[in-house]
Amino acid sequence: MRHFLRLKRDYYAGALMVLLGLIAANDGTHYPIGTLRQMGPGYFPIALGVLLIVIGILIAGTAAGAAASEEDVVAIRPEWRGWACIIAGPTLFIAIGRYAGMLPATFACVFVSALGDRQNTLKSATILAAGVSIFGVLLFHYLLKLPMPMLSWGTWS
Amino acid sequence: MIETALTDLWYGFGVAFEPHNLMFCFLGVLVGNMVGVLPGLGPVATISILLPLTFGMKPVAAILMLAGVFYGSQYGGAICSILLNLPTHPPHAVTCLDGYPLTKQGKGGVALGITVIGSFIGASWGITEMIFLAPVLVNVAMKFGPAEVCSLMLLGLIAGSTLARGSPLKGVAMTVFGLLIGLVGADVETGTPRLTFGILDLYDGVEIVALALGLFGIAEFLKGINREIRFDDKYANVKFRDLRPSKAELKRAFPAMLRGTFIGSLCSLIPGTGPIIASFVSYATEKKISRTPEKFGTGMIEGVAAPEASTHSSVQGDFIPTMSLGIPGDAVMALILGALMIQGIVPGPQLISEHPDIFWGLIASFWIGNIILVALNVPLIGLWVKLLAVPYKYLYPSALFFICIGVYGANNDMFQVALTLGIGIFGYILLLLGFHPAPVLLGFVLGPRFEENFRRAMLISRGDIFVFVKHPISAVFVGLAALLILLQIVLWLRRMPGLRIRNRKSGIRNPALSDS
């Protein structure tokens with residue numbers, strides 16, 4: 001297992017929370033804040049954002065005191081092929097689903113994401129994708145009548 | 001009081017035995033049982049996938065089915081732990097310790113048989129508790145004003161985030177993050193779009209299924225891909241007649257089941273603890289009171305019976321605060337509550353009187369469902385064992401499709417599918433940084449109601465923030481919440497010198513694949 005990020009994990013964790021808090025609090029300032037008695041829409045985002053910033057600082061701060069152990073370091077074994085395929089699957093479902101319908105979208109989604117696993121071959125991915133496509137169309141198109149065409153050409157929605 | 005409860009229960013059985021409801025209850029526990037056995041797909045993801053399918057159904061059938069998935073999956077999880085030593089479903093991780101050694105000695109069937117009996121006893125007690133306790137809680141909660149509701153939610157959120165798995169500070173961070181996601185979209189009172197960053201599609205907010213499937217589906221797959229789980233199924237040959245335990249074994253296991261049930265029911269009353277902690281505590285208790293504690297880990301039947309009974313008693317008990325107060329204790333309960341809200345039902349103390357069919361029907365269906373599960377598990381155990389061999393390489397691509405179509409079906413909106421993917425990628429980053437995603441769902445579901453009640457409380461009290469400690473009931477909740485935070489600070493200070501407590505626990509816990 002390689003350690004890519006040498007800094008303690010909780011520094012990143014805290015920083016991420018501070019960032020999220022800043023985004024929320026900043027967004028809240030765009031709307032009327034109001035008073036405690038008559039709160040405006042901006043009140044809660046700002047309050048929660050500030051709270052998240054404080055917690056983020058606490059997460060990073062408590063990590064500074066504790067002794068570093070193996071599990072406190074971010075350990076990623078990069079899995080580019082798997083990650084790319086898992087992200088590509090739903091992306092293809094969205095893109096193809098919008099223009100060509102449910103059947104090709106399902107096939108593409110299952111086929112591509114199946115290729116993320118090193119044990120899957122082109123053949124096994126094709127069989128799996130075909131099976132899921134048939135089952136999916138039967139269930140969602142015919143039985144549950146989802147308003148998504150099975151096959152179409154160009155935008156339908 | 002007992003009489004009215006029994007009459008209501010009788011009515012509930014009437015509801016649950018309607019063929020339509022019975023069918024969906026059966027379907028729910030069957031699907032739950034199945035995904036419980038499958039490593040890599042947890043109840044949260046399964047319920048989220050099924051949730052959009054329930055939109056067209058009647059509320060009673062929908063809730064019965066979704067709840068069935070949850071407790072059904074608990075029966076399946078034990079099979080994984082005992083026969084294959086795979087702790088993929090966290091509440092059953094502790095069952096591996098003595099369950100797998102029993103399997104190696106050729107007594108896997110007995111362990112499973114004991115599990116089924118213990119589960120049923122635990123569940124029955126949890127249900128009984130719900131029948132009598134929930135109406136009492138409701139009577140108290142009916143008198144709550146916005147300030148009390150607010151402090152109760154605060155208590156629930158703090159308990160849910162600090163007592164659950166992982167670092168309490170990170171749990172609170174995730175709760176706040178969930179509350180923020182709950183704010184996305186048009187503000188209820190003024191209609192101002194908040195946290196939408198100019199994206200029109202976000203005006204309606206984030207769908208609960210998009211959030212749940214991003215965090216518990218896609219993020220888990222990104223984590224689990226190409227991480228081969230090795231297991232040995234050479235002992236996993238169990239026949240029907242192996243299941244029957246001997247009299248001596250039953251005699252040893254029975255008191256353990258009762259103790260486990262008791263611990264589980266205590267844990268279920270504290271929001272946020274739930275089945276995982278219940279099973280760990282009851283295992284530790286068994287070990288402590290045993291005359292031969294050194295034998296634990298080598299195949300003690302008590303070490304299987306107690307945690308399983310306590311898991312089930314706490315799983316059923318988890319429904320008490322959810323259904324009677326509208327405060328969910330964990331991610332699954334948050335989803336069930338979300339399902340109710342989608343059906344247009346306002347959760348809270350008025351639920352039992354306004355929708356008695358849902359409440360009492362659900363309770364009755366628990367019993368029916370548990371009996372179905374016992375009946376299913378005993379003859380079908382061989383089939384479930386075969387199911388264990390379904391490889392991950394086929395499971396996750398199919399699940400990804402179901403996630404896509406499920407989220408799309410929730411609102412016929414492709415944007416939410418894209419959102420799910422984004423949440424999933426972000427959720428994986430959160431997992432890498434040691435955050436547990438369950439409190440996000442809690443915050444998300446409670447967030448809008450929390451804000452609404454908070455605003456109302458402020459309006460009534462003319463902006464007096466101390467209203468929460470001036471009302472006695474509310475003050476108790478705030479005090480308890482403060483106590484919880486104090487407890488965490490004390491624990492943290494004690495942990496400072498060495499990291500003793502955490503290390504001891506991590507030995508048992510396998511963060512392999514699953515969710516809570």
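Residues numbered from 1 in each chain as written. Chains lettered and ligands numbered in written order. Predicted model: local features only at pLDDT ≥ 70, side-chain atom pairs only at ≥ 80, totals over all residues. Heavy atoms only, no water.

Right, let's get into the overall build of chain B. Helix and strand counts for chain B come out as 22 helices and two strands. Against the globule reference of 24 Å for 516 residues, chain B gives a C-alpha radius of gyration of 22 Å, in line with a compact fold. For the C-alpha atoms alone, the extent of chain B along its principal axes is close to 70 × 60 × 50 Å. Here the contacts in chain B between residues at least 6 apart in sequence split such that 81% fall between residues at least 24 apart. Accessible surface for chain B amounts to roughly 19,200 Å². Of this, 67% is attributable to carbon and sulfur atoms. Charge centroids of chain B, computed over 36 positive and 30 negative side chains, lie 13 Å from each other. (Helix = DSSP H or I, 4+ residues; strand = E, 2+ residues; numbered from the N terminus. Rg over C-alpha atoms; globule rule 2.2 N^0.38 Å. Contact = heavy atoms within 4.5 Å. Areas by Shrake-Rupley, 256 points an atom, 1.4 Å probe, with all protein chains shown as cover. Lys, Arg positive; Asp, Glu negative; His and termini not counted. Charge placed at Lys NZ, Arg CZ, Asp CG, Glu CD.)

Among the nonpolar cores identified, the biggest contains 195 residues, and Met17 and Phe93 of chain A together with Val206, Phe319 and Leu441 of chain B are the most heavily contacted of them. By residue number, the principal contributor to this core is helix α4 (residues 59–84) of chain B, which donates 17 residues. Dropping the residues within four chain positions of it, Phe319 of chain B is found in contact with Ala67, Phe70, Met130, Ser324, Met333, Ile336, Leu362 and Phe366 of chain B. Ranked by size, the runner-up nonpolar core spans six residues in total, among them Val94, Ile276, Phe280 and Tyr283 of chain B. (Core = buried A, V, L, I, M, F, W, Y, C linked by side-chain atoms within 4.5 Å. Buried < 20%, exposed > 50% of the residue type's maximum accessible area, 1.4 Å probe, protein only.)

This part covers the side chain of Glu148 of chain B. All names here are of chain B. Assignment of secondary structure puts Glu148 in helix α7 (residues 146–162). Of the side chains bearing the opposite charge, Arg456 lies closest to the buried Glu148, which forms no salt bridge; the N-O distance is 11 Å. In this view, Glu148 contacts His471, Ile473, Ser474 and Phe477; residues no more than four positions away in its chain are not counted. (Salt bridge = Lys/Arg side-chain N within 4 Å of Asp/Glu carboxyl O.)

Now for the environment of Arg81 of chain A. Residue and element names in this part refer to chain A. Residue placement: Arg81 occurs in helix α3 (residues 80–100). Residue Arg81 is classed as partly exposed on the basis of its relative accessible area, which comes to 39%. Apart from residues lying up to four places away in sequence, Arg81 is in contact with Leu115, Gly116, Asp117, Arg118 and Asn120.

With that settled, consider the packing of helix α10 (residues 247–269) of chain B against helix α11 (residues 274–289) of chain B. Residue and element names in this part refer to chain B. Running from N to C, α10 and α11 cross one another at 140 degrees; their axes reach a closest spacing of 9 Å. The angle between α10 and α11 falls in the class oblique. The element α10 and its partner α11 pack so that their crossing is right-handed. Contact residues: Ala256, Arg259, Gly260, Ile263, Gly264 and Cys267 in α10; Gly274, Ala278, Val281, Ser282, Thr285, Glu286 and Ile289 in α11. Of the residues that constitute the contact of α10 with α11, the class distribution is six nonpolar, five polar and two charged. (Axes fitted to C-alpha atoms, helices over the stretch in contact; angles between N-to-C directions. Parallel < 35°, antiparallel > 145°, perpendicular 65-115°, else oblique. Left-handed = near helix turned anticlockwise from the far one by under 90°. Nonpolar A, V, L, I, M, F, W, Y, C, P; charged D, E, K, R; others polar.)

Between chain B and chain A, the contact holds 66 residues from the first and 69 residues from the second. Across the chain B/chain A interface, buried area totals approximately 6,000 Å², and carbon plus sulfur atoms make up 76% of it. Broken down residue by residue, the surface that chain B buries against chain A is led by Asn226, Phe401 and Met414 of chain B, which jointly contribute 11%. At the boundary of chain B and chain A, one finds one salt bridge. (Buried area = accessible area lost by both parts, 1.4 Å probe.)

Residue and element names in this part refer to chain B. Backbone geometry at Leu195 places phi at a positive 50 degrees, although glycine is not the residue there. Tracing the backbone shows Leu195 in the loop between β2 (193–194) and α9 (208–224). Since its relative accessible area comes to 6%, Leu195 is described here as buried. With a phi angle near 50 degrees, Asn412 is a residue other than glycine that sits in the positive phi range. Along the polypeptide, Asn412 turns up in the loop between α17 (392–411) and α18 (414–432).

All names here are of chain B. At a minimum axis distance of 7 Å, the contact between α7 and helix α8 (residues 168–183) shows a crossing angle of 130 degrees. Comparing their axes, α8 and α7 come out oblique. Here α7 runs over α8; the crossing is right-handed. Within the contact between the two elements, α7 uses Leu157, Ser161 and Thr162 and α8 uses Pro168, Gly171, Val172, Thr175 and Leu179. Its residues assigned to classes, the contact of α7 with α8 comprises four nonpolar, four polar and no charged.

Residue and element names in this part refer to chain B. Summing up the model confidence of chain B, the mean pLDDT is 83 and the portion of residues at 70 or higher is 92%. Of all the helices and strands in chain B, helix α22 (residues 500–506) carries the lowest mean pLDDT, 43, while α18 carries the highest, 93. The model gives residues 499–516 a pLDDT under 50, and that stretch makes 37 contacts with residues more than four places away or in other chains. In the predicted complex, the global pTM is 0.84; the interface-specific ipTM is 0.89. (pLDDT = per-residue confidence, 0-100.)

Residue and element names in this part refer to chain B. In this structure the tally under the stated criterion is 21 aromatic pairs over all chains. Ring geometry for Phe144 and Phe477: centres 5.7 Å apart, planes at 75 degrees, overall edge-to-face. Taken together, the residues span a long stretch of sequence, with Phe144 in the loop between α6 (108–141) and α7 and Phe477 in helix α21 (residues 472–495) at a distance of 333 residues. This pair shows no difference in class: Phe144 is buried, exactly as Phe477 is. The ring centre of Phe435 lies 5.5 Å from the NZ or CZ of Lys170, which sits over that ring. (Phe/Tyr/Trp six-rings, centres within 6.5 Å; stacked < 30°, edge-to-face > 60°. Lys NZ or Arg CZ within 6 Å of the ring centre and 35° of its normal.)

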